[in-house]
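Chain by chain, the residues:
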Amino acid sequence: MSVVGDFNGWQPGAAELVRRRNGTRTVTLTFSPGEHRFRYLATGGLWFDDDTADRIDPQGSLIKVG
């Protein structure tokens, strides 16, 4: 599973989520100020959005970095 978005050219696998001992997954990314669009890509080509994002629309999740 990976997080893909405008910050990494929408490249699957560029930001792989690593499984933690407690079953969650994590990745560390650095963002410049502004708005960034992203989605998660799971095994089998399943795309999904982050329900904690600042906004979700048909193009995916959007976060605002101050």
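In the block above lies the structure referred to throughout.
Structure report, in brief. Just so we're clear, the structure is a prediction, and the values are computed from it rather than from any experiment.

1. Section: the packing of aromatic side chains
- Across all of its chains, the model carries 3 aromatic pairs by this definition.
- Aromatic pair Phe 7 and Phe 31: ring centres 4.9 Å apart, planes at 80 degrees, arrangement edge-to-face. Placement of Phe 7 in the loop between β1 (2-5) and β2 (18-19) and of Phe 31 in the loop between β3 (25-26) and β4 (34-42) is noted, with a sequence separation of 24 residues between them.
- Residue classification places Phe 31 among the partly exposed residues on the basis of a relative accessible area of 26%.

2. Some remarks on the pattern of salt bridges
- Evaluated as defined, the whole model comprises 4 salt bridges.
- Salt-bridge contacts for Asp 57 lead to Arg 37; the nearest nitrogen and oxygen are separated by 2.8 Å. Of this pair, Asp 57 sits in strand β6 (residues 55-57) while Arg 37 is found in strand β4, placing the two residues 20 residues apart along the sequence.
- Overall, the relative accessible area of 17% leaves Arg 37 in the buried class.
- Arg 39 is the salt-bridge partner of Asp 49, the closest N and O atoms lying 2.8 Å from each other. Residue Asp 49 is found in the loop between β5 (46-48) and β6, and its partner Arg 39 is found in strand β4; the two are separated by 10 residues along the sequence.
- By relative accessible area, which is 24% here, Asp 49 ends up partly exposed.

3. With respect to the pairing of β1
- Alternating positions in β1 separate into two faces, Ser 2 and Val 4 on one and Val 3 and Gly 5 on the other, with burial throughout.
- By the bridge criterion, 4 bridges tie β1 to β4 in an arrangement that is antiparallel. Within β4, the position partnered with Ser 2 by the bridge is Leu 41.

4. With respect to the nonpolar core
- If you look at the biggest cluster of nonpolar residues, it comprises 7 residues: Val 3, Ala 15, Leu 17, Phe 38, Tyr 40, Ala 53 and Ile 63.
- If we ignore the near neighbours within four places in the chain, the residues touching Val 3 are Asn 8, Ala 15, Leu 17, Val 27, Leu 29, Phe 38, Arg 39 and Tyr 40.

5. Concerning the side chain of Ser 61
- Checked against the element boundaries, Ser 61 lands in strand β7 (residues 60-65).
- The residues touching Ser 61, leaving out its near neighbours within four places in the chain, are His 36, Arg 37, Phe 38, Arg 39, Asp 49, Asp 50, Ala 53, Arg 55 and Ile 56.

About the thresholds
- Sequence positions are assigned chain by chain, starting from 1 and proceeding in written order.
- Where totals are concerned, whole chains, interfaces and linings use all residues; where local detail is concerned, this predicted model gives features only for residues with pLDDT of at least 70, and gives and counts side-chain atom pairs only at 80 or more.
- For the side-chain quantities, the full set of heavy atoms in the structure was used; hydrogens and water were omitted.
- By convention, a stacked pair of Phe, Tyr or Trp rings (six-membered ring in the case of Trp) has centres within 6.5 Å and planes under 30 degrees apart, an edge-to-face pair has planes over 60 apart, and any other such pair is tilted.
- For the purposes of this entry, the term helix denotes a DSSP run of H or I that reaches at least four residues, the term strand denotes a run of E that reaches at least two, and both are numbered from the N terminus.
- Burial classes: relative accessible area under 20% of the type maximum marks a residue as buried, over 50% as exposed, and values in between as partly exposed (1.4 Å probe, protein chains only).
- Here, a salt bridge means any Lys or Arg side-chain nitrogen found within 4 Å of an Asp or Glu carboxyl oxygen.
- Paired strands, in this sense, are two strands between which DSSP finds at least two bridges.
- Definition of nonpolar core: a set of buried residues of the types Ala, Val, Leu, Ile, Met, Phe, Trp, Tyr and Cys, connected through side-chain atoms within 4.5 Å.
- Here, two residues are considered to be in contact whenever any of their heavy atoms come within 4.5 Å of each other.

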